[in-house]
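# What the coordinates show
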Amino acid sequence: MKRTLFLVRHAKSSWDDAALPDKERPLADRGKHDAPMMGKRLAKRQVKPDLILSSPARRALSTANFIAKELNYRAKDIVVDDRLYATEAETLLGVIGELSDKLKCVMLFGHNPEFTDLAHRLTNEPALMPTCAVAQFTFESTSWSSIGTTKPAEVLFDYPKKG
């Protein structure tokens, strides 16, 4: 049985208002361009997530909304999980391990350095997760709880400047 996990780093955020709390930073114009573009690339590959989980940070949730729209995934079905913000790879593995085994394709929207750390941990290879990067991991597994203990059967990395 195949399980597909997507790690999507939030698109480029704005630093225009230094007084804003980190969680409230919006997307920059480049982020507002890159997120729908990456969503279109995923739609072209016929990606159909069963579940989208997002960090509560505004920039991550905005990225999730842009990409969900391109994938015909309803924005109201995006689940915000506080554990995806200011965390570490181990916590992310815990979130993944708790997923229902009825789900075949899950997308997480969050941040660096934890997404790069988790991608590296899953592949044992250096991973590059620039803003709006998408890492796709396909596992031959009967349960999400085994993710992190088994190597993925397939790994794909994409990011806006990759072309």
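Note: the structure precedes this text.
Before going into details, it helps to say that this report is about the structure given with it. Keep in mind that this is a model prediction, so the values were computed, not measured.

So, on to the packing of aromatic side chains. Within this structure, the stated rule accounts for one aromatic pair. Taken together, a centroid distance of 6.1 Å and an interplanar angle of 85° make the contact between phenylalanine 137 and phenylalanine 157 edge-to-face. Here phenylalanine 157 lies in strand E6 (residues 154-158) and phenylalanine 137 lies in strand E5 (residues 134-140), a separation of 20 residues in the sequence. Looking at phenylalanine 157, the relative accessible area reads 25%, which means it is partly exposed.

To continue, consider helix H4 (residues 114-123). Burial analysis of H4 places seven of its 10 residues in the buried class, the great majority of the element. Buried residues along H4 sit against strand E1 (2-9), helix H3 (89-97), strand E4 (105-110), E5 and E6. One or two positions beyond H4, positive phi appears at asparagine 124, with a value near 65°.

Counting 46 residues, the largest nonpolar core has Leu5, Leu7, Met107 and Leu108 as the members making the most contacts within it. For this core, the elements supplying multiple residues, two or more each, are E1, helix H1 (29-44), strand E2 (51-54), helix H2 (58-70), H3, E4, H4 and E5. Apart from the residues lying within four places of it in its own chain, the contact partners of methionine 107 are Phe6, Val8, Leu42, Pro49, Leu51, Ile52, Leu53, Ile67 and Leu71.

To continue, consider the pairing of E5. The side chains of a regular strand alternate between the sheet's two faces. Of all seven residues in E5, six are buried, a share of seventy percent or more. Pairing analysis gives seven bridges linking E1 to E5, with the strands arranged antiparallel. When the bridges of E5 are listed, valine 8 appears paired with valine 134. The sheet contact formed by E5 and E6 spans five bridges and is antiparallel. For glutamine 136, the partnering residue across the bridge sits in E6 and is leucine 156.

Once that is clear, we can look at the packing of H1 against H2. Their axes nearest at 8 Å, the elements H1 and H2 cross at an angle of 35°. Helix-helix and strand crossings are classified by hand; for H1 and H2 the assignment is right-handed. Where H1 approaches H2, its residues Lys32, Ala35, Pro36, Met38, Gly39, Lys40, Leu42 and Ala43 are matched on the opposing element by Thr63, Phe66, Ile67 and Glu70. In terms of residue class, the contact of H1 with H2 is made up of seven nonpolar, two polar and three charged.

Okay, unusual backbone geometry next. Of all residues except glycine, most have a negative phi; of all peptide bonds, most are trans. With an omega dihedral of 10°, the bond running from asparagine 112 to proline 113 counts as a cis peptide bond. Mapped onto the elements, proline 113 comes out in the loop between E4 and H4. Even without being a glycine, glutamine 46 presents a positive backbone phi close to 60°. Inspection of the secondary structure assignment puts glutamine 46 in the loop between H1 and E2. Accessibility expressed as a relative area gives 66% for glutamine 46, which makes it exposed.

Parameters at a glance
- Residues numbered from 1 in each chain as written.
- Predicted model: local features only at pLDDT ≥ 70, side-chain atom pairs only at ≥ 80, totals over all residues.
- Heavy atoms only, no water.
- Phe/Tyr/Trp six-rings, centres within 6.5 Å; stacked < 30°, edge-to-face > 60°.
- Helix = DSSP H or I, 4+ residues; strand = E, 2+ residues; numbered from the N terminus.
- Buried < 20%, exposed > 50% of the residue type's maximum accessible area, 1.4 Å probe, protein only.
- Contact = heavy atoms within 4.5 Å.
- Core = buried A, V, L, I, M, F, W, Y, C linked by side-chain atoms within 4.5 Å.
- Pairing = 2+ DSSP bridges.
- Axes fitted to C-alpha atoms, helices over the stretch in contact; angles between N-to-C directions.
- Left-handed = near helix turned anticlockwise from the far one by under 90°.
- Nonpolar A, V, L, I, M, F, W, Y, C, P; charged D, E, K, R; others polar.

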